[in-house]
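Structural features, examined
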Amino acid sequence: MLGRNEALQVDAWLHAGGSKRPHLATRLLLHMEVAARGDTGEVLLTRGELAERCEALPRHVSTVLSELERGGVLRRVREGRRVRVFLNSRLATGLPEGEREAAQAAERPVGAQLELIEGGAPATGS
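In this text, all values refer to a predicted model and were calculated from it rather than measured experimentally.

The rules behind each value
- Residues numbered from 1 in each chain as written.
- Predicted model: local features only at pLDDT ≥ 70, side-chain atom pairs only at ≥ 80, totals over all residues.
- Heavy atoms only, no water.
- Helix = DSSP H or I, 4+ residues; strand = E, 2+ residues; numbered from the N terminus.
- Buried < 20%, exposed > 50% of the residue type's maximum accessible area, 1.4 Å probe, protein only.
- Contact = heavy atoms within 4.5 Å.
- Areas by Shrake-Rupley, 256 points an atom, 1.4 Å probe, with all protein chains shown as cover.
- Phe/Tyr/Trp six-rings, centres within 6.5 Å; stacked < 30°, edge-to-face > 60°.
- Lys NZ or Arg CZ within 6 Å of the ring centre and 35° of its normal.
- Axes fitted to C-alpha atoms, helices over the stretch in contact; angles between N-to-C directions.
- Parallel < 35°, antiparallel > 145°, perpendicular 65-115°, else oblique.
- Nonpolar A, V, L, I, M, F, W, Y, C, P; charged D, E, K, R; others polar.
- pLDDT = per-residue confidence, 0-100.
- Core = buried A, V, L, I, M, F, W, Y, C linked by side-chain atoms within 4.5 Å.

Let us look at the overall build of the protein. A count of helices and strands for the protein gives 6 helices and 5 strands. Reading the protein from its N end, one meets helices and strands in the order α-α-β-α-α-β-β-α-α-β-β. For the protein, with 126 residues in total, the buried portion stands at 38%. Counted over contacts in the protein with a minimum sequence separation of 6, partners at least 24 positions apart contribute 52%. Entry remark: accessible area of the protein is about 7,500 Å², with carbon and sulfur atoms responsible for 51%.

Rendered as structure tokens:
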């Protein structure tokens, strides 16, 4: 699950231009968190299921997923025609402490956009 600070950081980034649809992005993140495996962070819902739960068009969900991927909030892995979505373990994980550090070490860093946001505005000189 997203920690409070991480959730606020992601929300600020989304509303500061990280997404063209920040409200949909926030709803998607909530639904993805609820449907994510605690051990791997894999989201166990399809794009269609996410769209239905968020009352959005599937193409809008795809656009927001791309934005979240660019921001380092999630990663997508293509396996043939199937795309698996994983929440970034630096932001969200249900793993115990030792396993969490190992997963985070293997994960790509959180997007620079997220690291540079302070209070909804880009940080100056971090």
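Below, the discussion takes up the packing of aromatic side chains. Across all of its chains, the model carries 0 aromatic pairs by this definition. A cation over a ring is seen here: Arg75 above Phe86, with NZ or CZ 4.5 Å from the ring centre.

We now examine the packing of helix H2 (residues 22-34) against helix H4 (residues 58-70). Between H2 and H4, the least distance of the axes is 10 Å, while the angle of their chain directions is 80°. Put simply, H2 runs roughly perpendicular to H4. Contact with H2, carried on its side by Leu24, Ala25, Leu28, Leu29 and Met32, involves His60, Val61, Val64, Leu65 and Leu68 of H4 and no other residues of that element. Split into classes, the residues belonging to the contact of H2 with H4 amount to 9 nonpolar, 1 polar and no charged.

With that settled, consider the confidence of the model for the protein. Of all residues in the protein, 69% have pLDDT values of 70 or greater, and the mean over the chain is 79. Mean pLDDT per element in the protein: strand E4 (residues 117-118) is the minimum at 38, and helix H3 (residues 47-54) is the maximum at 96.

Counting residues in each nonpolar core, the largest one holds 22 residues, and the members touching the most others are Leu14, Leu28, Leu29, Met32 and Leu68. Elements with a minimum of two residues in this core: helix H1 (4-18), H2, H3, H4 and strand E3 (82-87). For this core, the element with the highest residue contribution is H2, accounting for 5 residues. Excluding residues that lie within four positions of it along the chain, Leu29 makes contacts with Val10, Leu14, Leu68, Val73 and Leu87.

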